[in-house]
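# Observations on chain architecture
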Amino acid sequence: DVKVTQSSRYLVKRTGEKVFLECVQDMDHENMFWYRQDPGLGLRLIYFSYDVKMKEKGDIPEGYSVSREKKERFSLILESASTNQTSMYLCASSLSIYNEQFFGPGTRLTVL
Amino acid sequence: SQQGEEDPQALSIQEGENATMNCSYKTSINNLQWYRQNSGRGLVHLILIRSNEREKHSGRLRVTLDTSKKSSSLLITASRAADTASYFCATVSFLAGGTSYGKLTFGQGTILTVHP
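Residues numbered from 1 in each chain as written. Chains lettered and ligands numbered in written order. Predicted model: local features only at pLDDT ≥ 70, side-chain atom pairs only at ≥ 80, totals over all residues. Heavy atoms only, no water.

Another point: the pattern of salt bridges. Residues and elements named next belong to chain A. For the coordinates displayed, the defined rule picks out 10 salt bridges over all chains. For K71, the salt bridge is made with E30, and the minimal N-O distance between the two is 2.9 Å. Remark: E30 occurs in the loop between β3 (19–25) and β4 (31–38) and K71 occurs in the loop between β7 (64–70) and β8 (73–78); sequence separation between them is 41 residues. Residue classification places E30 among the partly exposed positions, given a relative accessible area of 32%. One continuous salt-bridge network, built from bridges that share partners, spans D28, E30 and K71. (Salt bridge = Lys/Arg side-chain N within 4 Å of Asp/Glu carboxyl O. Helix = DSSP H or I, 4+ residues; strand = E, 2+ residues; numbered from the N terminus. Buried < 20%, exposed > 50% of the residue type's maximum accessible area, 1.4 Å probe, protein only.)

Structure below.
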């Protein structure tokens, strides 16, 4: 079974802090994704990566950056956390662009 | 705006009954996927149906796709309390020029509650 793990289930940070969310997948998938999920807005794509060191902006990249130095690891970085970045963050991976995505358990981030 | 729109927004049924959820979308798609999310958890992939398929089954799940109407339905038969969750449809579309990077566009979801 594909396993996607995220570094934290719950995280509380202060405004202005730099925040790292890490995601690791164990199935050698090419594609990895970061979403945020908010009530009433559904899941929205922040960034995705289709190969090591490659990244593409999703629908809401502002305020975020990403890093993919190794195939199995995809990190989401909040350079200077703000309260409007309080959300559930979900990482996913897929074998190809036409296949299903496998999601991690999510990180609920609260920015105070 | 969201590509997929689920209907109804919430559904409450008794154990043993069937649950039907619908999804509509706006643009041409490569495939349509259904996911389940238990409260506060990650999403679990249920089923994928490609644009050239009309119906697909997986256990108690039946998915139909009507590309002419740009709609899909998910049927859960003989529901159980453990089926209580949010259900999302998501589409993979083609970008201009015929390429797609596999971006999944999610609907708002249907909250299904199955009472024991």
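Here the narrative resumes.
Now for the nonpolar core. In terms of nonpolar packing, the biggest core is built from 21 residues, with L32, W34, L74, I76, Y87 and L112 of chain B touching the most fellow members. For this core, the secondary-structure elements that each account for two or more residues are β3 (19–24), β4 (29–37), β5 (43–50), β7 (61–66), β8 (71–76), β9 (85–93) and β11 (110–115) of chain B. By size, the runner-up hydrophobic cluster in this structure holds 20 residues, among which are Y64, V66, F74 and L109 of chain A. (Core = buried A, V, L, I, M, F, W, Y, C linked by side-chain atoms within 4.5 Å.)

Strand pairs in the sheet, formed through backbone hydrogen bonds, run parallel or antiparallel to each other. Residue and element names in this part refer to chain B. One open sheet accounts for 5 strands, arranged β1-β3-β8-β7-β6; its pairing is antiparallel. The outermost strands of the open sheet, each flanked by one partner alone, are β1 (5–7) and β6 (55–58). On average, each strand axis in the sheet is inclined to that of its neighbour by 15°, with strand direction left out of account. Across 3 bridges, the pairing between β1 and β3 is antiparallel. Bridging from a neighbouring strand, D7 pairs with N22 of β3. (Pairing = 2+ DSSP bridges. Axes fitted to C-alpha atoms, helices over the stretch in contact; angles between N-to-C directions.)

Below, the discussion takes up the sheet that holds strand β1 (residues 4–6) of chain A. Residue and element names in this part refer to chain A. Reading across from one edge, β1-β3-β8-β7 is the order of the 4 strands in this open sheet, with antiparallel pairing throughout. Every interior strand has two partners, whereas the edge strands, β1 and β7, have only one. In this sheet, neighbouring strand axes are inclined to one another by 20° on average, regardless of whether the strands run parallel or antiparallel. Sheet analysis places β7 next to β8, joined by 5 bridges and oriented antiparallel. Bridge pairing in β8 places S67 opposite S75.

All right, on to the packing of aromatic side chains then. On inspection of all chains with the given rule, the structure shows 9 aromatic pairs over all chains. Arranged with centres 5.6 Å apart and planes meeting at 55°, the rings of Y35 of chain B and F106 of chain B form a pair that is tilted. With a gap of 71 residues between them, Y35 of chain B in strand β4 and F106 of chain B in strand β10 (residues 104–106) connect regions that are remote in the sequence. Across the pair, exposure class does not vary: Y35 of chain B and F106 of chain B are buried alike. Centroid distance F88 of chain B to F106 of chain B: 6.4 Å. Interplanar angle 80°. Geometry classified as edge-to-face. Taken together, the positions of F88 of chain B in strand β9 and F106 of chain B in strand β10 put the pair 18 residues apart, joining distant regions of the chain. Just as F88 of chain B is buried, F106 of chain B falls in that class too. Among the aromatic residues, those joined into a ring-pair cluster are F33, Y35, F48 and F103 of chain A together with Y35, F88 and F106 of chain B. (Phe/Tyr/Trp six-rings, centres within 6.5 Å; stacked < 30°, edge-to-face > 60°.)

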